Structures are given as C-alpha cells and as structure tokens.
Amino acid sequence: DTAVSQTPKYLVTQMGNDKSIKCEQNLGHDTMYWYKQDSKKFLKIMFSYNNKELIINETVPNRFSPKSPDKAHLNLHINSLELGDSAVYFCASSQRAEQYFGPGTRLTVT
Amino acid sequence: DQQVKQNSPSLSVQEGRISILNCDYTNSMFDYFLWYKKYPAEGPTFLISISSIKDKNEDGRFTVFLNKSAKHLSLHIVPSQPGDSAVYFCAVGRSGGGADGLTFGKGTHLIIQP
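The structure reproduced in this document is the subject of the present report. (Residues numbered from 1 in each chain as written. Chains lettered and ligands numbered in written order. Predicted model: local features only at pLDDT ≥ 70, side-chain atom pairs only at ≥ 80, totals over all residues. Heavy atoms only, no water.)

The next thing to look at is the sheet that holds strand E1 (residues 4–5) of chain B. With respect to topology, 5 strands assemble into an open sheet ordered E1-E3-E8-E7-E6 (chain B), the strand pairing being antiparallel. Across the chains shown, the open sheet's two edge strands, defined by having one partner strand only, are E1 and strand E6 (56–59) of chain B. (Pairing = 2+ DSSP bridges. Helix = DSSP H or I, 4+ residues; strand = E, 2+ residues; numbered from the N terminus.)

Structure representation (structure tokens):
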C-alpha cells in the first residue's frame, strides 16, 4: 500500500536513447514533483505540477519533460540521454509544505 | 551557492545518548523547516517539521529547534537507537507549500554505535 511509487527502480540505458520514469501517488495530493540527486548527493528540484499545470521549471534541459495524465500521476520523459543524466530521480507529492517521496529510480547512462 | 548547509557529513553517537544534527540556511524568505531521514536505496522519509512562528517542535524522541535570528535549526534525537542510523537531510521551504519545491542540505550520515 505504497503512498508514492515509481517504476522502474533501476534503469540502465545507452547514450542517445529516450526513456521514461513513471510516478503514482495515492495520497490525494494536489502537487507532485521530480527531484534529482546527483553524484554529490544534493537533492534538487526539477519540476512540480499542481492540478496538471507546470508551476516550477528549474534550469533543466528541455530534453526532460514531465507529463501528467491525471492528478495522481507525474511521469518523467527524457530524450537523447547523456552521461551526465546518470543520477537517482525521486518523485514526491504534497498537499502542504511536507513532501512525501517515492523510493527513487537509479538511472545509469552508458 | 548552497542555501542550506549541513556542515557535518557524518556523526557517530553511542546508543542511548543524544544525537544533535545541525543545519544553517541563508535565505530569510524560508519559513518552514523540515527534517527527512533516508536509508540506502530508499526515498527520503518525512520526520518532523517546524514553522517560523515556533522555536521548538517535539514528536516523541525527536525535537527540532529553530533559531531564526541565527538562521539555524537542529534536530535532537534522544535516546538514540540503532535504527536511527541513516542519512538525515535538512530541508527548507515556504509554509504555503503548494508548488514550491524544497531546498535540501547535503545530509548528515548518523551512525549509532551499540
């Protein structure tokens, strides 16, 4: 009965490929987010969606695009993958300030 | 330009003693402060939070203290237990929540020694 779930947990792919990571929350929250944890272990916000509208888009390459088919889902599409995209990606959701995180997806680009 | 700093990458504490984790932030616009706990290969888990109108919030063994003038917060765990061994992230944001993302520190790895 996971509150925020992500698939896949691990993703290994080659440079230049296009991939997607899925996220679902069953908490009824209005806002969902994507974070990236890089090799230096910093967790940085990438996107947030509130009621299907993109609210924040930090300095993220346009190869990354969030897609939200409904309030409970926020998927992350990545085109033309690069070596530097290797990281752990976390999905999160919130109703107020507290955010609840998924288990993460470790993306490795070779 | 780190807006949130956790200057201790790791901390070792004996079981039963108090663990104190520290965090400094730079931007006065932040008015909501959170601590997250993270085990390897899992996502961060929300632990405790405090708003800027308070200086202390307690939940069981966990207490968060906020010193707004010093832009400093700390997490106290007492007594420390082996299951508390994890990476602890300090995070700051705005109390309106909603679309604002959180800004995280780099984390402190807490190790509880038996």
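Having seen the model, we can carry on.
Side chains of Ile 18, Ile 20 and Val 78 of chain B sit close together on the surface and give an oily, nonpolar patch of about 230 Å² of accessible area. Tracing the backbone shows Ile 18 of chain B in the loop between strand E2 (10–14) and strand E3 (19–25). (Patch = residues over 30% accessible without salt bridge, like charges linked within 9 Å, V, L, I, M, F, W, Y side chains within 5 Å. Areas by Shrake-Rupley, 256 points an atom, 1.4 Å probe, with all protein chains shown as cover. Salt bridge = Lys/Arg side-chain N within 4 Å of Asp/Glu carboxyl O.)

Another point: the environment of Arg 94 of chain B. Counting through the fold element by element, Arg 94 of chain B comes out in the loop between strand E9 (86–93) and strand E10 (103–104). Arg 94 of chain B gets classed as partly exposed once you look at its relative accessible area, which sits at 38%. (Buried < 20%, exposed > 50% of the residue type's maximum accessible area, 1.4 Å probe, protein only.)

Enumeration over the complete set of coordinates arrives at 12 aromatic pairs over all chains. On the numbers, 5.2 Å between centres and 50° between planes, the contact of Tyr 35 of chain A with Phe 101 of chain A is tilted. Of this pair, Tyr 35 of chain A sits in strand E4 (residues 31–37) while Phe 101 of chain A sits in strand E10 (residues 99–101), and the two are 66 residues apart along the sequence. Across the pair, Phe 101 of chain A and Tyr 35 of chain A agree in class, each one buried. An aromatic cluster is present here, built from Tyr 33, Tyr 35, Phe 90, Tyr 100 and Phe 101 of chain A together with Tyr 36, Phe 46, Phe 89 and Phe 104 of chain B joined pairwise through their rings. (Phe/Tyr/Trp six-rings, centres within 6.5 Å; stacked < 30°, edge-to-face > 60°.)

Next up on the list: the interface of chain A and chain B. Every contact between the two is made by 24 residues of chain A and, on the other side, 23 residues of chain B. Note on chain A versus chain B: buried area summed over both sides is about 1800 Å², and carbon and sulfur give 62% of it. Looking at the side of chain A facing chain B, the largest losses of area belong to Phe 42, Leu 43 and Ala 97 of chain A, adding up to 30% of the total buried there. Across the chain A-chain B interface, the total number found is 5 residue pairs in polar contact (both at pLDDT 80 or more). Mapped onto the side of chain A that touches chain B, the elements with two or more residues apiece are E4, strand E5 (43–50), strand E6 (53–57), strand E9 (87–94) and E10 of chain A. (Contact = heavy atoms within 4.5 Å. Buried area = accessible area lost by both parts, 1.4 Å probe. Polar contact = N/O pair within 3.5 Å; in protein donor to acceptor, adjacent residues only side chain to side chain.)

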